[in-house]
Amino acid sequence: MHHALLIKILGPIFLITGWIIRYKISEKRFNRRSITGMEIFPSYRNALATRAKEGCAGFFANILILLGIMFILVQWI
């Protein structure tokens, strides 16, 4: 009984959290762009670190979105 309630709660939470993370990553990328459309970093090391962090966060967000969708679909089956 508790598992069904947990899945009903976690599905939308995972989905919304994943979307928020993806939105924040996109917003930061947008704010780093210059007037020509290129991303600007203070150094090469900063660029590598930022891209790595955003890549890991994006991967984590995609997992959360997929889990959220799966939990929501499990409710209907």
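The structure this text deals with has already been given above.
Reference entry: report on the structure contained in this document.

What counts, and where the lines are drawn
- Residues numbered from 1 in each chain as written.
- Predicted model: local features only at pLDDT ≥ 70, side-chain atom pairs only at ≥ 80, totals over all residues.
- Heavy atoms only, no water.
- Helix = DSSP H or I, 4+ residues; strand = E, 2+ residues; numbered from the N terminus.
- Expected span 1.5 Å × (residues − 1).
- Buried < 20%, exposed > 50% of the residue type's maximum accessible area, 1.4 Å probe, protein only.
- Contact = heavy atoms within 4.5 Å.
- Axes fitted to C-alpha atoms, helices over the stretch in contact; angles between N-to-C directions.
- Parallel < 35°, antiparallel > 145°, perpendicular 65-115°, else oblique.
- Left-handed = near helix turned anticlockwise from the far one by under 90°.
- Nonpolar A, V, L, I, M, F, W, Y, C, P; charged D, E, K, R; others polar.
- Salt bridge = Lys/Arg side-chain N within 4 Å of Asp/Glu carboxyl O.

Quick look at helix α1 (residues 2–31) now. Two residues of an α-helix separated by three or four positions point the same way, owing to the 3.6 residues in each turn. For α1, built from 30 residues, the straight-helix expectation of 44 Å at 1.5 Å per residue is met to within 8% by its first-to-last C-alpha distance of 43 Å. By the burial criterion, the buried members of α1 are G11, L15, G18 and I25. Each element contacted by the buried residues of α1 is listed here: α2 (44–76).

Further remarks concern the environment of I20. Following the sequence through the fold, I20 ends up in helix α1. When the C-alpha positions of I20 and F60 are compared, they lie 12 Å apart, and in sequence the two are 40 residues distant.

Axis separation between α1 and α2 bottoms out at 7 Å; the angle between their running directions is 150°. Relative to α2, α1 is oriented roughly antiparallel. Here α1 runs over α2; the crossing is left-handed. Classifying every residue of the contact of α1 with α2 by side-chain character gives 18 nonpolar, seven polar and five charged.

Let us now look at the pattern of salt bridges. Scanning the model with the defined rule gives six salt bridges in all. Note that R29 is salt-bridged to E54, the shortest N-O span being 3.0 Å. Of this pair, R29 sits in helix α1 while E54 sits in helix α2, and the two are 25 residues apart along the sequence. Among the charged side chains, a salt-bridge network with shared partners connects R29, R32, R33, E39, R51 and E54.

By the secondary structure assignment, T50 is in helix α2. Residue classification places T50 among the buried residues on the basis of a relative accessible area of 13%. Aside from chain neighbours lying at most four places away, what touches T50 is R32 and F41.

Bringing α2 into the picture now. Taking 1.5 Å of rise per residue, the 33 residues of α2 would be expected to cover 48 Å, and the 48 Å separating its terminal C-alpha atoms lies within 8% of that figure. Of all the residues in α2, the buried ones are A47, T50, E54, G58, A61, L64, I65 and G68. Where the residues of α2 are buried, they touch α1.

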